[in-house]
Amino acid sequence: MLWRKAETQINMWIKQGTDAFLVTGARQIGKTYLIRRCLEQSDYSSVEFNFIENPDLVTLFDSSHSAEELLFRLSGFAGKKLQKEKTIFFLDEIQECKDIVTKIKFLVEEGSYRYILSGSLLGVELNDLRSAPVGYMQILDMYPLDLQEFYTAVGLQENVLERVRECYEKKIPVDVFVHQKLMDAFYLYLIVGGMPEAVSVYLEENDINQVSRVHEKIIRLYKLDFTKYESKYKLKLREIYDAIPGELDEKNKRFFVNHLGTGMSYNRVYNDFLWLKDAGVALPVYNVTEPKTPLIISEKRNLFKLFLSDVGLLTSRYSNNTKFALLKKDKSINNGALFENVVAEELVSKGFRVYYYNSKKMGELDFVIEHNGEILPIEVKSGKNYKRHSALDNVLSNFNYNIDSAYILYDGNVQIKDKRIYFPIYMMMFIQEKELDNSIYRIDLSAL
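Conventions and cut-offs
Residues numbered from 1 in each chain as written. Predicted model: local features only at pLDDT ≥ 70, side-chain atom pairs only at ≥ 80, totals over all residues. Heavy atoms only, no water. Helix = DSSP H or I, 4+ residues; strand = E, 2+ residues; numbered from the N terminus. Pairing = 2+ DSSP bridges. Axes fitted to C-alpha atoms, helices over the stretch in contact; angles between N-to-C directions. Contact = heavy atoms within 4.5 Å. Phe/Tyr/Trp six-rings, centres within 6.5 Å; stacked < 30°, edge-to-face > 60°. Left-handed = near helix turned anticlockwise from the far one by under 90°. Nonpolar A, V, L, I, M, F, W, Y, C, P; charged D, E, K, R; others polar. Buried < 20%, exposed > 50% of the residue type's maximum accessible area, 1.4 Å probe, protein only. Polar contact = N/O pair within 3.5 Å; in protein donor to acceptor, adjacent residues only side chain to side chain. Arc of directions from axis to C-beta.

(A) Region of interest: the environment of Ile139. Counting through the fold element by element, Ile139 comes out in strand β5 (residues 137-141). In sequence terms Ile139 and Ala20 are 119 residues apart; their C-alpha atoms lie 8.6 Å from each other.

This is the structure in structure tokens:
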């Protein structure tokens with residue numbers, strides 16, 4: 001049984017939530033399994049409705065004109081007695097029901113039961129998903145297992161994790177033996193990734209071949225979705241998805257649209273990239289023209305890097321010999337794309353808007369984020385030349401940017417040199433926003 005951080009939020013909602021609760025994310029990341037587990041372990045009864053397994057449910061929702069009518073019809077589908085205020089409805093695969101957001105509003109207002117929802121391709125299918133009225137639905141974005149979840153799965157003890165977190169916060173080196181073991185597990189994460197089935201198969205079999213078969217199955221499922229939408233909307237989803245590993249292997253890892261074909265432009269395939277992002281299978285990291293807050297003001301959407309949503313799906317394209325060479329930390333293997341992909345995943349899963357910076361004059365920074373109200377450049381180094389970062393030096397010395405510090409994530413231990421803080425790459429799991437101590441602001445206009 002895999003520990004997932006989302007479990008805490010789901011359980012909190014089960015205990016005290018009053019609005020609807022939606023868990024969204026890509027296919028095969030464990031949404032349905034986790035919701036079922038939380039409901040089974042709770043003190044509440046539950047009833048599950050799956051819109052793919054029961055397509056008549058879509059008609060039932062669409063044709064119902066009031067919450068009372070809809071609940072009366074659902075009670076017939078339930079096959080069990082429903083208890084007001086004690087039964088939770090689990091509505092799964094809701095992407096099949098286009099009007100679900102409106103219907104849920106009415107059901108929440110009616111108040112007899114509570115509703116937890118899940119599905120895949122929600123960003124693609126339900127355009128009004130995030131415009132749901134405030135107070136009717138919470139949304140939890142779920143991702144593959146992040147690095148901390150993976151470490152827990154392979155047996156990292158909580159006390160060791162907390163000691164490493166303390167080293168991050170105090171900026172002191174990690175015990176050499178612990179550091180080596182964490183790096184070993186990090187390289188394993190590059191191969192297995194965070195898809196729950198792949199992690200479970202590894203834990204049961206310790207067989208990289210079996211893990212690869214899981215990855216291949218997941219990619220086939222993704223491509224079945226691609227095929228359906230490509231024929232309907234004339235998109236180039238498979239071409240773009242298959243091109244991502246090669247584009248990440250380029251020197252600056254930027255995605256060049258013209259590599260897809262002669263005369264191809266970003267405007268022609270914009271909807272394709274948006275689809276992959278909304279489906280949760282690719283992570284775009286856009287360029288900013290200046291590393292200043294707020295970063296979104298200088299965002300350039302036609303310049304971007306495109307990462308896969310799970311690093312294991314990226315390394316699944318590698319041969320088995322290459323995978324084992326990677327596990328042995330063979331220096332002849334270029335790990336740059338893998339290191340950057342896993343950092344992009346980690347930052348996105350923590351809710352950061354992730355960018356990169358590139359300037360002919362200053363050079364390129366791998367990642368730039370807003371961290372606790374400040375600009376934080378992040379460089380990712382996989383080789384021995386980890387102290388060579390001219391672009392970072394240029395940016396840090398530019399008084400117009402006024403950047404206090406930068407992180408260099410690499411395979412070594414903690415070091416500090418002026419504004420540059422060198423962290424082991426596994427410490428990316430501790431990069432997160434601090435909650436505001438006080439978010440209350442009052443304005444006094446009484447003197448007017």
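Next, the rest of the story.
(B) Region of interest: the sheet that holds strand β2 (residues 45-50). An order of β2-β3-β4-β1-β5 is seen for the five strands of this open sheet, with the pairing classed as parallel. The sheet terminates laterally at β2 and β5, the two strands that pair on one side only. Averaged over all adjacent pairs, the angle separating strand axes in this sheet is 20 degrees, with direction ignored. Contacts from helix α5 (residues 100-110) reach β1 (20-24), β3 (87-92), β4 (114-119) and β5, with the element oriented near 165 degrees to β4.

(C) Representation of the sheet that holds strand β10 (residues 374-380). Pairing is mixed across the open sheet formed by eight strands, whose spatial order is β7-β6-β8-β9-β10-β11-β13-β12. The open sheet has two edge strands with one neighbour each: β7 (299-308) and β12 (415-417). Between one strand axis and the next, the sheet turns by 30 degrees as a mean value, whatever way the strands run. Relative to β7, strand β6 (residues 282-288) is paired through seven bridges, and the arrangement is antiparallel. Residue pairing in the sheet places Val285 in a bridge with Lys305 of β7. The sheet strands contacting helix α12 (residues 237-248) are β6 and β7, and the helix crosses β7 at an angle near 90 degrees.

(D) The packing of aromatic side chains, seen in detail. In the structure shown here, the tally under the stated rule is 30 aromatic pairs. Here the aromatic rings of Tyr266 and Tyr270 are separated by 5.6 Å at their centres, their planes lie at 80 degrees, and the arrangement is edge-to-face. Taken together, the residues Tyr266 and Tyr270, both in helix α13 (residues 266-278) and four residues apart, mark about one turn of the helix. Connected via pairs of aromatic rings, a cluster forms that spans Tyr222, Phe226, Tyr229, Tyr233, Tyr241 and Trp275.

(E) Representation of the packing of helix α11 (residues 208-233) against helix α15 (residues 320-327) in the model. One can describe the packing of α11 onto α15 by two numbers: an axis separation of 11 Å at closest approach and a directional angle of 120 degrees. The handedness of the crossing between α11 and α15 is right-handed. Contact residues: α11 offers Ile208, Asn209 and Ser212, while α15 offers Asn320, Lys323 and Phe324. Within the contact of α11 with α15, the residues separate by chemical class into two nonpolar, three polar and one charged.

(F) Quick look at the side chain of Thr87. Here Thr87 shows up in strand β3. Accessibility expressed as a relative area gives 3% for Thr87, which makes it buried. A polar contact of 2.9 Å, which involves the side chain of Thr87, links it to the side chain of Ser45. A polar atom in the side chain of Thr87 sits 2.8 Å from the backbone nitrogen of Gln83.

(G) Highlighting helix α3 (residues 56-63). Three or more residues of α3 are buried, namely Leu57, Val58, Leu60 and Phe61. One side of α3 carries all its buried residues, which in axial view fall inside an arc of 160 degrees. For α3, the exposed residues set more than 90 degrees away from the buried face come down to Asp56 and Thr59. Buried residues along α3 sit against β2, α4 (67-78), β3 and α5.

Purely geometric stuff here, so don't read any function into it on its own.
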